[in-house]
Amino acid sequence: MKGDDSMINILIAEDYDLLREDLVEMLSGTLDIEVVGKAKNSEEIIELAQMVPFDIILMDIEMEVQYAGIYASMEILKHNASAKIIFLSVHESKEIILNAIGTGAVDYVVKGASIDEILFHIRSVYNGKSVMMGKVNELLMEEFFRLQQTEKNLLFFVSMISE
């Protein structure tokens, strides 16, 4: 959902009050970003995403329960397939990253990234570019190659049994 074209309209979902307010303050201090809503749990972000025009959601994974952000993303994308969600999480495990991106999210940034890195990801996603970097990119490439090899093996198996 596009909001005002002159600004990148952001929703933030983060359960930790201090971090949520720090993100609001840092992002609001830029000339091209406006925080148009903030939520402390999955229920609030799902509701906000339906009511408030936004360009991007910065979503924590672990809020009121371990995978609350992943659940919220699935719900939001079910109703708005073009929503752009960037996960901002402490989790760096393969399983969690792949599940998060598997919801249809467009990017994943590990908490602890500098504000400049976060801004780079937001602006890139806003401009239609995916910039998954570091471990996230490596995991996605690894999974892609694994799936590609599985597909080749399956095709070979099917060709063998159909002869």
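All figures in this text were calculated on a predicted structure; none of them were measured in a lab.

For any two helices packed against each other, one specifies the inter-axial angle together with the distance between the axes. Interaxial distance between helix 1 (residues 17-28) and helix 5 (residues 115-126) falls to 11 Å at its minimum, and their mutual angle equals 70 degrees. Comparing the axis directions of helix 1 and helix 5 gives the class roughly perpendicular. Contacts between helix 1 and helix 5 involve Leu 23, Met 26 and Leu 27 on the former and, on the latter, Ile 115, Ile 118, Leu 119 and Ile 122. When the residues that make up the contact of helix 1 with helix 5 are grouped by side-chain class, the tally is seven nonpolar, no polar and no charged.

Here strand 1 (residues 8-13) lies mainly inside the structure; six of its six residues are buried. Burial of strand 1 is two-sided: the residues Ile 8, Ile 10 and Ile 12 facing one way and the residues Asn 9, Leu 11 and Ala 13 facing the other way are all buried. Once you follow strand 1 into helix 1 and on to strand 2 (residues 33-39), the crossover reads as right-handed. Across four bridges, strand 1 lies against strand 3 (residues 56-59) in parallel orientation.

Here we take up the pattern of salt bridges. Counted according to the given criterion, the structure contains eight salt bridges. We note a salt bridge from Arg 20 to Glu 21, for which the minimum N-O separation is 3.9 Å. The class of Glu 21 is partly exposed, set by a relative accessible area of 34%. Between Asp 60 and Lys 111 there is a salt bridge, with its nearest N and O atoms 3.3 Å apart. Of this pair, Asp 60 sits in the loop between strand 3 and helix 3 (68-79) while Lys 111 is found in the loop between strand 5 (107-110) and helix 5, placing the two residues 51 residues apart along the sequence. Taking the relative accessible area as the measure of exposure, Asp 60 reaches 3% and is therefore buried. Via salt bridges that share partners, Asp 17, Arg 20, Glu 21 and Lys 38 belong to a single interconnected network.

What follows covers the packing of aromatic side chains. Each aromatic ring pair is summarised here by two numbers: the centre-to-centre distance and the angle between the ring planes. Tallying each qualifying case throughout the model produces one aromatic pair. Both rings, one in Phe 87 and one in Tyr 108, keep their centres 6.3 Å apart while their planes meet at 45 degrees; by these two values the pair is tilted. Here Phe 87 is found in strand 4 (residues 84-89), whereas its partner Tyr 108 is found in strand 5, with 21 residues between them in sequence. Owing to a relative accessible area of 0%, Phe 87 belongs among the buried residues under this scheme.

A few words now on the packing of helix 2 (residues 42-51) against helix 3. Running from N to C, helix 2 and helix 3 point in directions that differ by 20 degrees, and their axes come no closer than 9 Å. Relative to helix 3, the element helix 2 lies roughly parallel. Once helix 2 is placed against helix 3, the crossing between them reads as right-handed. Judged by residue contacts, Ser 42, Ile 45, Ile 46, Ala 49 and Gln 50 of helix 2 engage Ala 68, Tyr 71, Ala 72, Glu 75, Ile 76 and His 79 from helix 3.

Cut-off values and rules
- Residues numbered from 1 in each chain as written.
- Predicted model: local features only at pLDDT ≥ 70, side-chain atom pairs only at ≥ 80, totals over all residues.
- Heavy atoms only, no water.
- Axes fitted to C-alpha atoms, helices over the stretch in contact; angles between N-to-C directions.
- Helix = DSSP H or I, 4+ residues; strand = E, 2+ residues; numbered from the N terminus.
- Parallel < 35°, antiparallel > 145°, perpendicular 65-115°, else oblique.
- Contact = heavy atoms within 4.5 Å.
- Nonpolar A, V, L, I, M, F, W, Y, C, P; charged D, E, K, R; others polar.
- Buried < 20%, exposed > 50% of the residue type's maximum accessible area, 1.4 Å probe, protein only.
- Right-handed = clockwise from strand over helix to strand, strands pointing away.
- Pairing = 2+ DSSP bridges.
- Salt bridge = Lys/Arg side-chain N within 4 Å of Asp/Glu carboxyl O.
- Phe/Tyr/Trp six-rings, centres within 6.5 Å; stacked < 30°, edge-to-face > 60°.
- Left-handed = near helix turned anticlockwise from the far one by under 90°.

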